[in-house]
Amino acid sequence: MAATPIAVITGASSGIGAATARQLAAAGYRVVLTARRKDRIEALAAELTEAGHQATAYALDVTDRVAVDEFATAFRSLAVLVNNAGGALGADPVATGDPADWRQMYETNVIGTLNVTQALLPALTESGDGTVVILSSTAAFSSYEGGGGYVAAKHGEHVLAETLRLEIVGTPVRVIEVAPGMVKTEEFATTRFRGDTEKAAKVYAGVDAPLTADDVADTITWAITRPSHVNIDLLVVRPRAQASNSKVHRTL
């Protein structure tokens, strides 16, 4: 009997990461949930196990290279890596933005993705049929006012995906980039505005049906479960009400 394929999901404590873990588990993967918030991923692992799936929680900060390398020693072979950990901080203009926010966004979105991908690439290659997913954003392709730091980080993540695909072509590893537009989750905007729920709510005000975490997770799972010779290089997914980062239909 073939071994159950293993999928590692970073940033699995909430939102898109947690939703992706649920959907990949339902698709037959043994999911390894990583995030800094140990209690969250342990609760999710228990939920999935109770539902009859295979799930393991592992507390991990993707910006800590020593910890990432230690985590990677657990895998000789790995089917899927979903680089979901990331996020935005602040919405200040370039002229007054906090360099510390920019640095943290770059460290989490770009260096964190680099750390985990480098550490797990040998195991993905060893599987003979590996998949790396990098969750970027429509911010990777279009700037918007107040988004300079996040846009720069997501541009970096996009370039990482594009370059990696060029460099490992001919190996048994696919590189998939999924770039969501407006997604309403329980934490993204609230974290960006440092707990200001009023500001966070304004992001989605009047927007008919922004994307949900499940919508994006469904997209990620679909791309992963294509036949192994099929590579979804880049998939941009937006709600119907959003035409671009700066053009959103609102009914106010």
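Up top is the structure.
Just so we're clear, the structure is a prediction, and the values are computed from it rather than from any experiment.

Visitor: Sorry, what's going on with the overall build of the chain here?
Guide: A tally of regular secondary structure across the chain gives eight helices and nine strands. Taken against the 2.2 N^0.38 rule, which gives 18 Å for 252 residues, the C-alpha radius of gyration of the chain at 18 Å falls within 12% of a compact globule. In terms of its C-alpha atoms, the chain occupies a principal-axis envelope of roughly 55 × 40 × 35 Å. Within the chain, contacts between residues separated by at least 24 positions form 72% of all contacts whose residues are at least 6 apart in sequence. Split by element, the accessible area of the chain, about 12100 Å² in all, is 53% carbon and sulfur.

Visitor: How should I be thinking about the pairing of strand β6 (residues 173-180) in this particular structure?
Guide: Judged by how many residues are buried, β6 sits mostly within the fold: eight of eight residues are covered. The alternating pattern of β6 places V173, V175, E177 and A179 and R174, I176, V178 and P180 on opposite faces, both of which are buried. In the classification by handedness, the crossover that spans strand β5 (residues 130-135), the intervening helix α5 (residues 148-168) and the parallel β6 is right-handed. Here β6 pairs with strand β7 (residues 234-237) via four bridges, running parallel. Directly across from P180, in β7, lies its bridge partner V237.

Visitor: Please explain the side chain of R192 as it appears in this structure.
Guide: Positionally, R192 belongs in helix α6 (residues 188-192). Comment: no salt bridge for buried R192; closest opposite-charge side chain is D101, at 8.9 Å. Excluding anything up to four places from it in sequence, R192 contacts A88, L89, G90, A91, Y144, G146, G147 and Y150.

Visitor: I tried to follow the pairing of strand β1 (residues 6-9) on my own but got confused; where do I start?
Guide: Consecutive side chains along a regular strand alternate between the two faces of the sheet. With burial as the criterion, each face of β1 is covered, one bearing I6 and V8 and the other bearing A7 and I9. Pairing analysis gives four bridges linking β1 to strand β2 (residues 30-35), with the strands arranged parallel. Looking at the pairing, V8 lines up with V32 of β2. In this view, the connection linking β1 to its parallel neighbour β2 by way of helix α1 (residues 15-26) has right-handed handedness.

Visitor: What exactly am I supposed to notice about the sheet that holds β1 here?
Guide: The strands that make up a sheet are held in pairs by hydrogen bonds between backbone atoms, and each pair lies either parallel or antiparallel. Strand order in the open sheet formed by seven strands is β3-β2-β1-β4-β5-β6-β7, and the pairing between neighbours is parallel. A strand with exactly one partner marks an edge of an open sheet, and here the two such strands are β3 (55-59) and β7. Direction aside, neighbouring strands of the sheet carry axes that sit 15° apart on average. On the sheet, helix α4 (residues 99-126) packs against β1, β4 (80-83), β5 and β6 and is oriented at approximately 170° with respect to β4. The strands that α5 touches are β4, β5 and β6; relative to β6, the one it contacts most, it runs at about 160°.

Visitor: Explain the pattern of salt bridges to me, please; I cannot follow it from the model alone.
Guide: Note on pairing: side chains with opposite charge can pair once their charged atoms come close. Summed over all chains, the structure comprises seven salt bridges. A salt bridge links K38 to E42; the shortest N-O distance between them is 3.9 Å. Here K38 pairs with E42, and both are found in helix α2 (residues 38-50), just four residues apart, close to one helical turn. On the accessibility criterion, K38 (49% relative accessible area) is partly exposed. Since its relative accessible area comes to 40%, E42 is described here as partly exposed. One salt bridge connects E157 with K154, and the closest N-O pair in it is separated by 2.8 Å. You can see E157 and its partner K154 sitting in helix α5, three residues apart, about one turn around the helix.

Visitor: Sorry if this is basic, but what is going on with the nonpolar core here?
Guide: Nonpolar side chains in soluble globular proteins tend to end up buried together. Core analysis: the biggest nonpolar cluster contains 36 residues, and V31, L33 and I220 have the highest contact counts within it. When near neighbours in sequence (up to four residues on either side) are disregarded, V31 contacts A7, I9, A21, L24, A25, L48, Q54, A55 and T56. The next biggest cluster of nonpolar side chains, apart from the first, holds 34 residues, and it includes F71, L81, A139 and A161.

Here is what the cut-offs are and how they apply
Residues numbered from 1 in each chain as written. Predicted model: local features only at pLDDT ≥ 70, side-chain atom pairs only at ≥ 80, totals over all residues. Heavy atoms only, no water. Helix = DSSP H or I, 4+ residues; strand = E, 2+ residues; numbered from the N terminus. Rg over C-alpha atoms; globule rule 2.2 N^0.38 Å. Contact = heavy atoms within 4.5 Å. Areas by Shrake-Rupley, 256 points an atom, 1.4 Å probe, with all protein chains shown as cover. Buried < 20%, exposed > 50% of the residue type's maximum accessible area, 1.4 Å probe, protein only. Right-handed = clockwise from strand over helix to strand, strands pointing away. Pairing = 2+ DSSP bridges. Lys, Arg positive; Asp, Glu negative; His and termini not counted. Salt bridge = Lys/Arg side-chain N within 4 Å of Asp/Glu carboxyl O. Axes fitted to C-alpha atoms, helices over the stretch in contact; angles between N-to-C directions. Core = buried A, V, L, I, M, F, W, Y, C linked by side-chain atoms within 4.5 Å.

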